[in-house]
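# Coordinates in review
Residues per chain, in single letters:
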Amino acid sequence: MSDILSPRAIMDKLVGFPTVSRDSNLDLIDWVDTYLTAQGITCHRHYNEDGDKAALFAHVGPDVEGGLALSGHTDVVPVDGQPWTSDPWTVTERDGRLYGRGCTDMKGFDALAIWALVEAHHNGVARPLQLALSYDEEIGCTGAPPLIEAMTAKLPKASAAIIGEPSTLRAVTGHKGSQGFHTRVVGFEVHSSLMHTGVNAIMEAAKLIVWANERNAENRARTPSTLAAMFDPPWTTCHVGEIEGGTAHNITAKHCWLGMDFRVVPGDSLSDWKDAYLTRVREIEADMQAVRPETHIEITKRYEVPGLQPEQDGEAEALARALTGDNGNHVVSYGTEAGHFQNAGYSAVVCGPGDIAQAHQPDEYITVEQFEAGHDFMRRLLTRLKEG
Ligand SMILES: [Zn+2]
């Protein structure tokens, strides 16, 4: 058996791998696999289609269902163009803070979860503990569904999952669901003096933006449900954050694309909003084709992050509350993998050390105090798992 590492030593190691979402995470996964295997823990992997990224999952304790899964992502956002005071890929301690890309989002939690798994393995637990490390979280949580599928196929299914995104160790029980569509409008070019004989892709795309503005006004005017009222804003939003198109002021634009995103409150469904959007797209397309049959609108889904619905007497929530002493009600505006776990039948809660305000920033850090609090959280968790 090789040396057992402290959470801090594990975090130093993990931050040292520059696992930006666009790049491979295999060096990190290899390291975790080697470390856990040396401790006597069996690791499983699930590779992405290209084979350049992998999720890793493992189970310790009795070979039964009903355990607890600790979920974290291994990828981080880029550091390009950000002014960093010290090397982002080396954990550097200054003034009670641990600086480094991913320290708070979320290699700090990953390190604590790996530490807890090893402790659980060596000291024994009555209830199983599982580790689930994903890839591609930062580009739309797309790595979580295949990981959960592989994990439930291979391991006895856990009943609850703690998703350790930075929440300053508060129990977060809800977040909005979101989805985004790349929308490409293909028009027909003519001289703008004869615009009625062409189809201007920009002006057609503008109709979709008008549609979004109208939906926002409608949603805002509605009285929110009790659950929706917990969110800020308490309504579903439709947002266009990117648009590009056209070639010259006197040509009806042949191309225009825009990014249409939805953030839906509990009670609204992502698929209903998708249908509503597609209905409007098809109406506009029909009008376009009445002028020029070769015109069209292409829609590609960029991502879908299901919402985390607050549970009635949720097991994960109760556990997080017992471990943190937090009795407040918290929902957050950022998306996480928790909704995917919940959809797959796990009770799910978001609870991890560090502050989301530091995530994705230059000089990202976690305070030593929060990291230590995370360590205490894991110690209390191990005590509970030992009791069963
Ligand atoms: Zn994260």
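Look up a bit, the structure's there.
Our subject in this report is the structure included herewith.

Each value, and the rule that gives it
- Residues numbered from 1 in each chain as written.
- Predicted model: local features only at pLDDT ≥ 70, side-chain atom pairs only at ≥ 80, totals over all residues.
- Heavy atoms only, no water.
- Donors = N, O, S within 2.8 Å, 3.2 Å for Na, K, Ca; no water.
- Tetrahedral: all angles 85-135°; square planar, octahedral: opposite > 155°, others 65-115°.
- Buried < 20%, exposed > 50% of the residue type's maximum accessible area, 1.4 Å probe, protein only.
- Helix = DSSP H or I, 4+ residues; strand = E, 2+ residues; numbered from the N terminus.
- Arc of directions from axis to C-beta.
- Salt bridge = Lys/Arg side-chain N within 4 Å of Asp/Glu carboxyl O.
- Polar contact = N/O pair within 3.5 Å; in protein donor to acceptor, adjacent residues only side chain to side chain.
- Contact = heavy atoms within 4.5 Å.

### Topic: the coordination of the zinc ion
Surrounding the zinc ion are the protein donor atoms His73 (NE2), Asp105 (OD), Glu165 (OE) and Glu165 (OE), at 1.8 to 2.5 Å. Because the angles between the four donor atoms bound to the zinc ion fall within 54 to 139°, the donor set is best described as irregular.

### Some details on helix H1 (residues 7–15)
What H1 keeps buried is the set Pro7, Ile10, Met11, Leu14 and Val15. The buried residues of H1 occupy one face: seen down the axis, they fall within an arc of 130°.

### Side note on the pattern of salt bridges
With the rule as written, the count across this model stands at 20 salt bridges. Notably, a salt bridge pairs glutamate 298 with arginine 184, separated by 2.9 Å at the nearest N-O pair. Highlighted residues: glutamate 298 in strand E12 (residues 296–305) and arginine 184 in strand E9 (residues 177–186), separated in sequence by 114 residues. Using a relative accessible area of 34% as the deciding quantity, one classes glutamate 298 as partly exposed. Note on arginine 184: relative accessible area 29%, which makes it partly exposed. Residues joined in a network through salt bridges with shared partners are Glu214, Arg215, Glu218 and Arg222.

### Topic: the side chain of serine 347
Along the polypeptide, serine 347 turns up in strand E14 (residues 347–350). We classify serine 347 as buried; its relative accessible area is 11%. At a separation of 3.2 Å, a polar atom in the side chain of serine 347 contacts the main-chain amide nitrogen of glutamate 315. Non-local contacts of serine 347, meaning those with residues more than four positions away in its chain, are made with Ser159, Ala160, Ala161, Glu311, Gly314, Glu315 and Ala316.

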